[in-house]
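Spelled out from the first residue to the last, the chains are:
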Amino acid sequence: MMYENQKLREENTTLKELLGKAYEFMKQFVIDGVNLLERFLESVGKVIGKDKVILPKCK
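To keep things clear, this report deals only with the structure shown in the data block. Note that the coordinates shown come from a computational prediction; the quantities given were computed from them, not determined experimentally. (Residues numbered from 1 in each chain as written. Predicted model: local features only at pLDDT ≥ 70, side-chain atom pairs only at ≥ 80, totals over all residues. Heavy atoms only, no water.)

For the rest of this paragraph, the subject is the pattern of salt bridges. Throughout the structure, instances matching the rule amount to one salt bridge. One salt bridge connects E24 with K27, and the closest N-O pair in it is separated by 3.2 Å. Residue E24 and its partner K27 are both found in helix 1 (residues 2–27); the two are separated by three residues, about one turn of the helix. (Salt bridge = Lys/Arg side-chain N within 4 Å of Asp/Glu carboxyl O. Helix = DSSP H or I, 4+ residues; strand = E, 2+ residues; numbered from the N terminus.)

On the secondary structure map, L36 appears in helix 2 (residues 36–48). Sequence separation of L36 and Y23 is 13 residues, and the distance between their C-alpha atoms is 9.0 Å. Ignoring anything within four residues of it in the chain, the contact list for L36 reads M26, F29 and I31. (Contact = heavy atoms within 4.5 Å.)

In this model, helix 1 (26 residues) spans 37 Å end to end at C-alpha, consistent with the 38 Å of a helix rising 1.5 Å per residue. Those residues of helix 1 that sit buried are G20, Y23 and M26. (Expected span 1.5 Å × (residues − 1). Buried < 20%, exposed > 50% of the residue type's maximum accessible area, 1.4 Å probe, protein only.)

Written out as structure tokens, the structure is:
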């Protein structure tokens, strides 16, 4: 069980790093004064019915 937990922690770390890289990539593109990441998060917020989507911390 401890081995499985360690593997899952490693996978989560890897996925968080990839997500951070994707966020940084999306921030580079600006459409009508709004970067692509913000526009994406706004659209996600509309789909799930929330006014604001909290931006995850990126390293």
